[in-house]
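# Residue-level structural notes
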Amino acid sequence: MTVAAISHIAEQPREIRHPGVLLKDFVLPRLGLSVSQAARDLGVSRQTLHRIFDASASLTPEMAVRLEALCGISALFWLQLQCTHDLRDARASLADALPHIPRYRLSRLAMKQLGATDER
C-alpha cells in the first residue's frame, strides 16, 4: 500500500487518527512485526510503543526518523499525521475561546515573504 493510501486512511473526515493507531493496526501487521520485535528494532521499549499506540504519547521527530528507517515511510509523513491529530484536538479544546480572540491578518505579500499561506 502506498503512503497516499495510508494517508487517506489516516485522514477520514470524521476521525483523524493518531499515528500510533496506524502504526499498530496497519503498519506493523503488514511488516509481520510483533510489538516486541518492533521495539527491539527501533531501539525503544515496548512501553514507549504502547504509549504511542494508545495516543497517551505523541510521536516525536526522533521516533518518526526511527520509523522512517524501519519501514521506509518518511519521517515527515509521520509528523504530519501527529500534527494533524494535535491540531484537531487543540481546535476542539479551544472551541469556546477562539471566537473571542481578535483577528489580525498580515498582507498577502508579508505572508508570501514568510513562505506561509493564509490557509488553515
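The notes below deal with the structure included here. Predicted model only: the values in this text are computed from it and were never measured.

The rules behind each value
Residues numbered from 1 in each chain as written. Predicted model: local features only at pLDDT ≥ 70, side-chain atom pairs only at ≥ 80, totals over all residues. Heavy atoms only, no water. Helix = DSSP H or I, 4+ residues; strand = E, 2+ residues; numbered from the N terminus. Buried < 20%, exposed > 50% of the residue type's maximum accessible area, 1.4 Å probe, protein only. Contact = heavy atoms within 4.5 Å. Areas by Shrake-Rupley, 256 points an atom, 1.4 Å probe, with all protein chains shown as cover. Core = buried A, V, L, I, M, F, W, Y, C linked by side-chain atoms within 4.5 Å. Phe/Tyr/Trp six-rings, centres within 6.5 Å; stacked < 30°, edge-to-face > 60°. Lys NZ or Arg CZ within 6 Å of the ring centre and 35° of its normal.

## Considerations on the overall build of the protein
When helices and strands are tallied, the protein shows seven helices and two strands. Seen in sequence order, the protein has helices and strands lined up from the N terminus as α-β-β-α-α-α-α-α-α. A burial count over the protein gives 24% of its 120 residues as buried. Partitioning the contacts of the protein with sequence separation of at least 6, the portion at a separation of at least 24 is 46%. Roughly 8,200 Å² of accessible area belongs to the protein as shown, and the carbon and sulfur atoms make up 55% of that amount.

## Some words on the nonpolar core
Inside soluble globular proteins, nonpolar side chains tend to come together where they are buried. L23, L49, L59, M63, L67 and W78 are the most contacted members of the largest nonpolar core, which has 21 residues in total. Mapped by element, the contributors of at least two residues to this core are α2 (19-31), α3 (35-42), α4 (46-53), α5 (61-71) and α6 (75-93). Looking at which element gives the most residues to this core, the answer is α2, with five residues. Filtering out sequence-adjacent residues up to four positions away, W78 remains in contact with P19, L23, V27, L59, A64, L67, C71 and I73.

## What about the packing of aromatic side chains?
Counted according to the given criterion, the structure contains one aromatic pair. Judged by centre distance (5.7 Å) and plane angle (75 degrees), the rings of F77 and W78 are edge-to-face. With a relative accessible area of 0%, W78 lands in the buried category. A cation sits over an aromatic face here: R30 above F26, 3.8 Å from the ring centre.

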